[in-house]
Amino acid sequence: MRRHPWVYATAIKRVDGKPKAGATVQILSHDGRWVAKGAYSPSSKIRVRVWSWNETEAIDHAFFKRKISAAIQYRQQWIKDTNAIRLIAGEADGLPGLIVDQYDRVIVCQFLSAGVEYWRDAIISALQEQTQCSLMVERSDAAVRSREGMPEQSGILYGEYDGKLISINEHGVQYGVDVLGGHKTGFYIDQRDNRRMVSELSRDRRVLNMFCYTGGFSLAALQGGAKSVVSVDSSGDALGLAQRQMVMNGYSSELATWLDADAFSTLRELRSAQERFDLIVLDPPKFAPSAQHLERALKAYKEINRAALQLLNPGGLLFTFSCSGAVSLENFEQMIATSVSEALAHMQDQETNYRVMRRLAAGLDHPVLASFPEGEYLKGLLLQRTQ
Ligand code: SAH
C-alpha cells in the first residue's frame, strides 16, 4: 500500500553494499526510481522501515527533533484531564519502533527497531529538551527486540530515581505506576477512554474485572459508584499494587474483592456457582504474539468471552478486548459472533440476545496511520445482554 512504512526482506531483490543495523538506506523500485529512505535491519523480516518519502529530507538530529515535536504538539491538542500520555506511537508518528510514554514528569522509552536504536542518542536528547522531564527510563525489555537482533535492556537514561511509584492522575483517579518493574512502560495508557466509559456506566452495578493487572478498570468502576467490584489476576504483585491504590484513592475496601487466580478456571467456577454481574471487563494479555498463534489464540478468546456472556445479568454490559496485533478487527468480531452463538445455545430463555453497543479502541494518543492499519493493535466491543 502507498506510504506503508515497512519493506519486507522477501520484497527486496538486491542490496548494494553491506549496510549496518540501523543505517539509513535508499529504497528504489524495480525500475530504479527513488521511493523512500529508511533504516536497515539486517536480521529482521521487516528489513527496512521508512523514515521519509522525501528525497531531499536528511535523516539527522534535526529530523528527530521535528518528528518528536510534531508528536508532542498533536497530544497537546487532543489529550486533556490526565498526565499519563503516549507521546510517541511508533509508525503512526513517523518513528517506526519508538514508543515513548509520559507519566507526569517521567519519560519511559522503548527502542524496538534497529533504526531507533541507531539514533537513540539523538532521540534521548530531543526528548530531554522538549519534555523537560526530571527522569528518563528505558524499558526496551520487550521480546520483539530479539527479532531485530538486539538484546533486551532497561534502566535509567537520565535523572535520579528513588524507586517509588510515579503518581499519575487520570480523570480524577490517582494511579501509581511502576516504571521499572511494571508491564510494558508500567501502565495501560491505551485504555484511558474505556476506563472512563466503565466509570460512567458503573453506578450501582455489580462489576467483574478479569485480568485486572494493577486495577485500572476496578478503580474506574469504584469511582463511578459501583455496588461491588470483583477483580481477578494471576499476578500477586499487580494485585498488591491495585489494593494500595484503592486505599490511596479513599475507596472503601469493603466494596472490592481481589482474587489471585487463573482467569479461565475462575470464569468456570463463577459460572457453576451461578454468579451474575451487571458489568464485566475482559482485557486479557496478548494471546497471539504473532500470526502463527492466531488459531489457538482465537480459541482462548472465545472461551473467556462465552463464559463472560453467560455471567451477565439481563441488561448487563461486557467490555471485551484483544490487544493482539495478529488478531484483526474482523477476526475479533467473528470470534465474538461465535461466542454469542455458543452462549445462547446454553440459555433456557428463547428471547435473550446480545447487542453490540459500540466498537472500542485505544485513545487519541495512540493514533493509527491510515496507510498502516496493522498499527491498530487494541480492539474491543461493548456488548449488552438484552434481557
Ligand atoms: N486490564 C489491565 C491490563 C491487563 S494486562 C489494565 O487495564 O490495566 C493482562 C493481565 O493478565 C496481566 O496483569 C497478567 O498478570 C494477567 N494474566 C495473564 N494470564 C492470566 C491468567 N491465565 N489468569 C489471570 N490473569 C492472567
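The notes below deal with the structure included here. Note that this is a predicted model, so its numbers are computed, not measured. (Residues numbered from 1 in each chain as written. Predicted model: local features only at pLDDT ≥ 70, side-chain atom pairs only at ≥ 80, totals over all residues. Heavy atoms only, no water.)

### Quick word on the overall build of the protein
Moving on, step 1. Scanning the protein from N- to C-terminus turns up 10 helices and 18 strands.
Moving on, step 2. In terms of overall size, the protein behaves like a compact globule, its C-alpha atoms giving a radius of gyration of 22 Å where 387 residues would be expected to give roughly 21 Å.
Moving on, step 3. Taken over the C-alpha atoms alone, the protein extends approximately 70 × 45 × 35 Å along its principal axes.
Moving on, step 4. Buried residues in the protein amount to 52% of all 387 residues.
Moving on, step 5. Only carbon and sulfur atoms are counted for the fraction: they give 48% of the accessible area of the protein, which is about 18200 Å².
Moving on, step 6. Distance between charge centroids for the protein: 4 Å, based on 45 positive and 44 negative side chains. (Helix = DSSP H or I, 4+ residues; strand = E, 2+ residues; numbered from the N terminus. Rg over C-alpha atoms; globule rule 2.2 N^0.38 Å. Buried < 20%, exposed > 50% of the residue type's maximum accessible area, 1.4 Å probe, protein only. Areas by Shrake-Rupley, 256 points an atom, 1.4 Å probe, with all protein chains shown as cover. Lys, Arg positive; Asp, Glu negative; His and termini not counted. Charge placed at Lys NZ, Arg CZ, Asp CG, Glu CD.)

### Details of the packing of helix 8 (residues 263-272) against helix 9 (residues 294-310)
Moving on, step 1. At their nearest, the axes of helix 8 and helix 9 sit 10 Å apart, and the two run at 25° to each other. As far as their axial angle goes, helix 9 and helix 8 are roughly parallel. Where helix 8 crosses over helix 9, the two elements pack in a sense that is left-handed. Taken together, the residues of helix 9 that come into contact with helix 8 (itself represented by Phe264, Leu267, Arg268 and Arg271) are Ala300, Glu303, Ile304, Ala307 and Gln310. (Axes fitted to C-alpha atoms, helices over the stretch in contact; angles between N-to-C directions. Parallel < 35°, antiparallel > 145°, perpendicular 65-115°, else oblique. Left-handed = near helix turned anticlockwise from the far one by under 90°. Contact = heavy atoms within 4.5 Å.)

### Some remarks on the site of the ligand
Moving on, step 1. Around the ligand sit 14 residues, and of these Phe211, Asp233, Asp262, Ala263 and Asp283 come closest.
Moving on, step 2. Between Asp233 and the ligand, the recorded distance is 2.6 Å, taken from a side-chain N or O atom to an oxygen atom.
Moving on, step 3. One of the backbone nitrogen or oxygen atoms of Ser234 is found 3.1 Å away from a nitrogen atom of the ligand.
Moving on, step 4. Within the complex, 89% of the 580 Å² of free accessible area of the ligand lies under protein. (Near = heavy atom within 4 Å. Polar contact = N/O pair within 3.5 Å; in protein donor to acceptor, adjacent residues only side chain to side chain.)

### Looking at the pairing of strand 13 (residues 228-233)
Moving on, step 1. For strand 13, the tally of buried residues reaches six of six residues, placing the bulk of the element in the interior.
Moving on, step 2. On strand 13, burial covers both faces: Ser228, Val230 and Val232 on one face and Val229, Ser231 and Asp233 on the other are all buried.
Moving on, step 3. In terms of strand pairing, strand 12 (residues 206-210) meets strand 13 through five bridges, oriented parallel. If you follow Leu208 over to strand 13, its bridge partner there is Val230.
Moving on, step 4. The handedness of the strand 12 to strand 13 crossover, carried by helix 6 (residues 216-223), is right-handed.
Moving on, step 5. In this structure, strand 13 lies alongside strand 14 (residues 256-260), joined through five bridges in parallel fashion. When the sheet's bridge partners are listed, Val232 is paired in strand 14 with Leu259.
Moving on, step 6. Handedness of the β-α-β unit built from strand 13, helix 7 (residues 236-248) and strand 14 comes out right-handed. (Pairing = 2+ DSSP bridges. Right-handed = clockwise from strand over helix to strand, strands pointing away.)

### A short note on the packing of aromatic side chains
Moving on, step 1. This model, assessed by the stated rule, comprises 13 aromatic pairs.
Moving on, step 2. On the numbers, 5.1 Å between centres and 35° between planes, the contact of Phe64 with Trp119 is tilted. One end of the pair, Phe64, is in helix 1 (residues 61-78); the other, Trp119, is in the loop between helix 2 (114-118) and helix 3 (120-131), with 55 residues separating them in the sequence. You'll find Phe64 and Trp119 in the same group, each marked buried.
Moving on, step 3. Measuring from centroid to centroid gives 5.6 Å for Tyr118 and Trp119, while their planes differ by 65°, and the two rings are edge-to-face.
Moving on, step 4. Exposure remark for Tyr118: the relative accessible area of 47% places this residue in the partly exposed category.
Moving on, step 5. Residue class for Trp119 comes out buried when judged on its relative accessible area of 13%.
Moving on, step 6. In textbook terms, an aromatic cluster arises when at least three aromatic residues are bridged by ring pairs, as seen for Trp51, Phe63, Phe64, Tyr118 and Trp119. (Phe/Tyr/Trp six-rings, centres within 6.5 Å; stacked < 30°, edge-to-face > 60°.)

### Thoughts on the pattern of salt bridges
Moving on, step 1. Taken as a whole and assessed by the stated rule, the structure comprises 20 salt bridges.
Moving on, step 2. For Arg14, the salt bridge identified is with Asp16, shortest N-O distance 2.9 Å. Note on accessibility: Arg14 and Asp16 belong to one class, exposed.
Moving on, step 3. Taking the shortest distance from any N to any O, the salt bridge between Asp93 and Arg75 comes out at 2.8 Å. Residue Asp93 is located in the loop between strand 5 (84-89) and strand 6 (98-103), and its partner Arg75 is located in helix 1; the two are separated by 18 residues in the primary sequence.
Moving on, step 4. Judged by its relative accessible area of 13%, Asp93 is buried.
Moving on, step 5. Ionic contacts of the salt-bridge type, sharing partners, join the residues Glu117, Arg120, Glu138 and Arg145 into one network. (Salt bridge = Lys/Arg side-chain N within 4 Å of Asp/Glu carboxyl O.)

### Quick word on unusual backbone geometry
Moving on, step 1. The phi angle at Asp104 is positive, at roughly 55°, despite the residue not being glycine.
Moving on, step 2. Summarising the element assignment, Asp104 is placed in the loop between strand 6 and strand 7 (106-111).
Moving on, step 3. Within the chain, Phe211 stands out as a residue other than glycine whose phi angle is a positive 60°.
Moving on, step 4. One can find Phe211 in the loop between strand 12 and helix 6.

### Section: the nonpolar core
Moving on, step 1. Among the nonpolar cores identified, the biggest contains 41 residues, and Tyr103, Val179 and Phe319 are the most heavily contacted of them.
Moving on, step 2. Two domains share this core, each providing at least three of its residues, namely domain 2 (61-166) and domain 3 (188-385).
Moving on, step 3. The residues contacting Tyr103, other than those within four sequence positions of it, are Asn83, Ala84, Val108, Ile166, Ile168, Val177, Val179, Thr185, Gly186, Phe187 and Ile189. (Core = buried A, V, L, I, M, F, W, Y, C linked by side-chain atoms within 4.5 Å. Domains from an automatic or database assignment.)

Such coordinate-based values are descriptive only and should not be taken to indicate function.
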